[in-house]
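Structural overview for review
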Amino acid sequence: EISQTLDYLDVLTSFAKFSIEKNLVCPKVDHSNELEILGGRHLVVEDGISAKSLESFTSNNCRLSKGHLWIVTGPNMGGKSTFLRQNAIIVIMAQIGCFVPCESARIGLVDKIFSRVGSADDLYNEMSTFMVEMIETSFILKGATKRSLAILDEIGRGTSGREGVSIAFATLKHLVHRNQCRSLFATHFGNELQYVVESKCDEPFKEKLHFYKSDIVELDKDHFYYDHKLKPGICSKSDAIKVAKIAGFPEEALKTAQS
């Protein structure tokens, strides 16, 4: 018992030192079904940015109630995946007793966190990237409860556009209607999903969907930056050619893509 007590004190001391070093705040954890994070940050990404430049991490808010879902769109490298991950991390930190990286946080107790992010195949078990994506998504749709938090990144990207939109819409509809959990859903199918929602869905369902976007700010023809700040709306293009340019694509290939 003495050993366990000392271990517990070590953990608390580590949490305290970490909270001071990283400017963390005490979250409010209650029995509601709310998730309200103001000025949330991703600590790992924040450390990476500060180590390489004088830029600061762009914080974002997240407000979710039971059965509500945010559809997050934005350009490639616009910060969608980071936003999804940081909110899941903040919930985990709060529920293990640690202060959290934000201005303030109210965490309604979460029973499970489901994550469908990243892209990978499973050659050993002869599963394609899309099959892995579908299996992981099915776990969420079968297992999420009204107290769960689900983060899903680009569901349907591993197949053709029309079928990808169909899978994405079916997933978000099931999350809202059946699971009724708090969900963050990043996608490049923003316009397509909005069209399906507006043409096929009733008002009570629409009220539970919230579209947010990040943008690229163009200074001139050759210079731009990512603002990483979420605002209401839908990003209409992914700006993939800009990413290819940053990655070092040959000029001739870039011109071919543009044409």
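Please refer to the structure placed before this passage.
A brief report on the enclosed structure follows. (Residues numbered from 1 in each chain as written. Predicted model: local features only at pLDDT ≥ 70, side-chain atom pairs only at ≥ 80, totals over all residues. Heavy atoms only, no water.)

Comments concerning the overall build of the protein
Broken down by element type, the protein carries nine helices and 12 strands. Taken along the three principal axes of its C-alpha coordinates, the protein extends 70 × 45 × 45 Å. Here the protein holds 259 residues, and the buried ones make up 40% of them. Within the protein, contacts between residues separated by at least 24 positions form 69% of all contacts whose residues are at least 6 apart in sequence. Per element, the accessible surface of the protein, about 14,500 Å² overall, is 55% carbon and sulfur. (Helix = DSSP H or I, 4+ residues; strand = E, 2+ residues; numbered from the N terminus. Buried < 20%, exposed > 50% of the residue type's maximum accessible area, 1.4 Å probe, protein only. Contact = heavy atoms within 4.5 Å. Areas by Shrake-Rupley, 256 points an atom, 1.4 Å probe, with all protein chains shown as cover.)

Structural notes on the layout of surface pockets
By volume, the largest pocket amounts to about 630 Å³. Around the largest pocket sit 29 residues that line it, and Ile49, Met77, Gly79, Tyr226 and His228 are the ones nearest its centre. Counting residues per element, the ones that place at least two in the lining of the largest pocket are α2 (43-52), β4 (69-73), α3 (80-95) and β11 (224-226). By residue number, the principal contributor to the lining of the largest pocket is α3, which donates five residues. (1 Å grid on protein atoms, 1.4 Å probe; cavity = no way out; pocket = protein on both sides within 12 Å on 5 of 7 lines; lining within 4 Å. Points joined across faces, edges and corners; volume = space filled by probe spheres on them.)

Overview of the sheet that holds strand β7 (residues 149-153)
One key point about sheets: their strands pair by backbone hydrogen bonds, in either a parallel or an antiparallel sense. Across the sheet, which stays open at both edges, the six strands sit in the order β6-β7-β8-β4-β9-β12 with mixed pairing between neighbours. Of all the strands in the sheet, just β6 (113-116) and β12 (231-232) have a single pairing partner and so form its edges. Here four bridges tie β6 to β7, and the two strands are oriented parallel to one another. Bridge assignment links phenylalanine 114 to a residue of β7, and that residue is alanine 150. Where helix α4 (residues 129-143) meets the sheet, it contacts β6 and β7, and its direction lies at approximately 160 degrees from that of β6. (Pairing = 2+ DSSP bridges. Axes fitted to C-alpha atoms, helices over the stretch in contact; angles between N-to-C directions.)

A look at the pairing of β4
Here β4 lies mainly inside the structure; five of its five residues are buried. Across the two faces of β4 the burial is the same, with Leu69, Ile71 and Thr73 and Trp70 and Val72 all buried. Strand direction decides the pairing type here: β4 and strand β8 (residues 182-186), joined by four bridges, are parallel. Within β8, the residue paired with tryptophan 70 across the bridge is leucine 184. Relative to strand β9 (residues 209-213), β4 runs parallel, the two being bridged by five bridges. Bridging from a neighbouring strand, leucine 69 pairs with leucine 209 of β9.

Concerning a nonpolar patch on the surface
On the surface, Tyr8, Leu9 and Leu12 cluster together into a nonpolar patch covering about 300 Å² of accessible area. Mapped onto the fold, tyrosine 8 is located in helix α1 (residues 2-21). (Patch = residues over 30% accessible without salt bridge, like charges linked within 9 Å, V, L, I, M, F, W, Y side chains within 5 Å. Salt bridge = Lys/Arg side-chain N within 4 Å of Asp/Glu carboxyl O.)

Quick notes on unusual backbone geometry
Of note in the backbone geometry, glutamate 154 takes a positive phi value of approximately 60 degrees without being a glycine. Structurally, glutamate 154 is set in the loop between β7 and α5 (161-179). Although it is not a glycine, histidine 228 adopts a positive phi angle of roughly 60 degrees. Exposure remark for histidine 228: the relative accessible area of 32% places this residue in the partly exposed category.

Details of the side chain of lysine 242
Positionally, lysine 242 belongs in helix α8 (residues 240-246). With residues up to four places along the chain from it excluded, the contact list for lysine 242 reads Ile216, Glu218 and Phe224.

Examining the packing of aromatic side chains
For the structure shown, the criterion picks out two aromatic pairs. Summarising the aromatic geometry, the rings of tryptophan 70 and phenylalanine 83 are spaced 6.0 Å apart at their centres and angled 10 degrees between planes, so their arrangement reads as stacked. Here tryptophan 70 is found in strand β4, whereas its partner phenylalanine 83 is found in helix α3, with 13 residues between them in sequence. Each ring, one from tryptophan 70 and one from tyrosine 212, has its centre 4.0 Å from the other, and the planes form 20 degrees; the classification is stacked. Here the residue tryptophan 70 occupies a position in strand β4, and tyrosine 212 occupies one in strand β9, the gap between them amounting to 142 residues. (Phe/Tyr/Trp six-rings, centres within 6.5 Å; stacked < 30°, edge-to-face > 60°.)

Digging into the pairing of β7
The element β7 is extensively covered by neighbouring structure, given that five of its five residues are classed as buried. Both faces of β7 are covered, namely the face carrying Leu149, Ile151 and Asp153 and the face carrying Ala150 and Leu152. One ladder, built from five bridges, connects β7 with β8; its direction is parallel. Bridge pairing in β8 links aspartate 153 to alanine 186. What joins β7 to β8 is α5, and the crossover it makes is right-handed. (Right-handed = clockwise from strand over helix to strand, strands pointing away.)

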